[in-house]
Amino acid sequence: MKKKMVSVLLAAAMGTTGLVGFGSTAYAADDVLEFYHGYYQDESEWAAAQVMRDIYDGFAEAHADGPVTFKPIAVENRDDIVSAQVAGGSFPDLVDVGGGGVPQAALSQELVYDLKPYIDENGLQDAVGLNYTQHDIDGHIYAVHDQIESRGLWYNSDIFEKAGITEDAFANWDSFAAAMEKIRALDEDVYGYIAGQGSSYIVNTVMASTDEGKAMLESELTEDTINSDEFANAFKTAAKLDQDNGSEHTTDDNGNLMAEFNTNGKAGVLFNGVWNASGIDASLSDVIEPALFPGNIAIASAGGGLAVANNMSEEKTELALEFIKYMTSEEVQEKIFTGVQANPCNTTIDLNALAENSDDAATKKLALACSEVNGAENVVIDMNYTWGSDVDKAIINALMECAVSGTDIDARFAALQTELIALIA
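The model shown is predicted, which means the values in this text are computed figures rather than measured ones.

*Asks:* Any details on the packing of helix α14 (residues 229-245) against helix α22 (residues 409-424)? Residues and values, ideally.
*Replies:* Direction vectors running N to C along α14 and α22 enclose 130°, while the axes themselves pass 11 Å from each other. Considering their axes alone, α14 and α22 lie oblique with respect to each other. The two elements α14 and α22 cross, and the hand of that crossing is right-handed. On α22, the residues touching Phe-231, Ala-232, Phe-235, Lys-236, Ala-239, Lys-240 and Gln-243 of α14 are Ile-409, Asp-410, Phe-413, Leu-416 and Leu-420. The class makeup of the residues in the contact of α14 with α22 is eight nonpolar, one polar and three charged.

*Asks:* Any chance you could break down the pairing of strand β2 (residues 69-74) for me, citing the residues and the numbers?
*Replies:* Note that strand β1 (residues 32-37) and β2 share six bridges and pair parallel. Across the sheet, residue Phe-35 finds its bridge partner in β2, namely Pro-72. Between the parallel pair β1 and β2, the chain is carried across by helix α3 (residues 47-62), and the sense of this crossover is right-handed.

*Asks:* Requested: an account of the pairing of strand β10 (residues 267-273), with residues and values cited.
*Replies:* Most of β10 is tucked away, with seven of its seven residues classed as buried. Pairing analysis gives five bridges linking strand β6 (residues 147-156) to β10, with the strands arranged antiparallel. Within β10, the residue paired with Arg-151 across the bridge is Gly-273. Bridge count between strand β7 (residues 191-193) and β10: two bridges; the pairing is parallel. When the bridges of β10 are listed, Tyr-191 appears paired with Ala-267.

*Asks:* Give me the lowdown on the environment of Glu-289, citing residues and values where you can.
*Replies:* Its place among the elements puts Glu-289 in strand β11 (residues 288-291). Between the alpha carbons of Glu-289 and Glu-149 there is a distance of 18 Å; along the sequence they are 140 residues apart. In contact with Glu-289, not counting residues within four places along its chain, are Leu-153, Trp-154, Tyr-155, Lys-365 and Leu-368. At 3.0 Å, the side chain of Glu-289 forms a polar contact with the side chain of Lys-365.

*Asks:* Please set out the environment of Phe-235 residue by residue, giving values where relevant.
*Replies:* Relative to the helices and strands, Phe-235 resides in helix α14. Residues Phe-235 and Asp-410, spaced 175 residues apart in sequence, show a C-alpha to C-alpha distance of 9.8 Å. Setting aside residues up to four positions removed in sequence, Phe-235 forms contacts with Val-203, Ile-395, Ala-398, Leu-399, Cys-402, Ile-409, Phe-413 and Leu-416.

*Asks:* Can you explain α22? Please cite residues and give values.
*Replies:* A rise of 1.5 Å per residue sets the reference length of α22, with its 16 residues, at 22 Å; its end C-alpha atoms lie 23 Å apart and thus fit the reference within 8%. Among the residues of α22, Ile-409, Arg-412, Phe-413, Leu-416, Gln-417 and Leu-420 are the ones counted as buried. Taken down its axis, α22 places every buried residue within 150° of arc, on the same side. When the buried face of α22 is taken as reference, the exposed residues oriented beyond 90 degrees from it are Thr-418 and Ala-422. Looking at the buried positions of α22, the neighbouring elements they touch are α13 (223-226), α14 and α21 (389-402). Between a side-chain oxygen at the N-terminus of α22 and the backbone nitrogen of Asp-410 the separation is 3.1 Å; the capping residue is Asp-408.

How each quantity is defined
Residues numbered from 1 in each chain as written. Predicted model: local features only at pLDDT ≥ 70, side-chain atom pairs only at ≥ 80, totals over all residues. Heavy atoms only, no water. Axes fitted to C-alpha atoms, helices over the stretch in contact; angles between N-to-C directions. Helix = DSSP H or I, 4+ residues; strand = E, 2+ residues; numbered from the N terminus. Parallel < 35°, antiparallel > 145°, perpendicular 65-115°, else oblique. Left-handed = near helix turned anticlockwise from the far one by under 90°. Contact = heavy atoms within 4.5 Å. Nonpolar A, V, L, I, M, F, W, Y, C, P; charged D, E, K, R; others polar. Pairing = 2+ DSSP bridges. Right-handed = clockwise from strand over helix to strand, strands pointing away. Buried < 20%, exposed > 50% of the residue type's maximum accessible area, 1.4 Å probe, protein only. Polar contact = N/O pair within 3.5 Å; in protein donor to acceptor, adjacent residues only side chain to side chain. Expected span 1.5 Å × (residues − 1). Arc of directions from axis to C-beta.

Take a look at the structure:
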């Protein structure tokens, strides 16, 4: 699976090299450390982007008198820039790689610096948190993400109360199904949950409920997994829930229906990340609560992260490593929690204490959501990172078709198996 994705990236990169200015970005001057990141959005569009840029500028100012200038560069085509340089045998000085992570082609060419020795020598294991295990590749760590992509679910306690539902609904997927049936029985304009894109997390967490299924999620997708009982059970569980929930409540992008949960209060449950706290309307802040997926399962992923080029000058490498330490420090991690509204990677941060000192309702909800995820009995990686976004999309499409009343779930699953086997071939 990964090899296939890398070959596609390389082919695309070779065709776009001229478009991203390959010659000008591949080799920064020895006295300049170029840092590519994706926080290009205007503050009015996404306030968190400005918070991150301010953090980067703070590091630049603190090292303004050093032998190397730190130069953060916000770009929309970050992945294209990385792919183009890797295709030409180089790597950006420092880059916050996207969800796809460091390209395998970069690792095979030894273009990326191994961060593990630096982490170990400086005792930063707790500071980098989940990165230390999820990003370990045969004893090497090539990226450290300053935020942990953490997912659970959010529920409207007002709707639950009206339907006579307690938190026992999240004991397992059978109790969840029964709870959604009670919501549908209400004589009101409400429904169970936002399905479609979010339903892939049902598949993800049902798989994670068994040791065999969890092991499959943590590895590349194989034909054995596609034909396994674990995958069949996970898909069909989600498909049956979605069909009962109704096709009119599905979307391939949660953002399309988010207002129905966060603003209008029409949906009982939303499968989403902890960052949803910042999207909750003030009128609903007292009734929307975070919870884990049924079975006390959370999805947490280190995702992409900060990656450093290999074979730079000693001075540039030293500054790049200092930046990794800075971004995972308690001071910066607290800003990432309060300002970016994300789950920090540093496991020593007392999120509840930060929330108690805040008057912001979203921050308090964020702390609760992060605490739920961080304290889950079973934490699993998002299958999007191990199986690939193309596989994830195929699963979502199949689930959306199954949500249509009368669709033969068994037949659609058989078709999905054929699609997936072709994808990994």
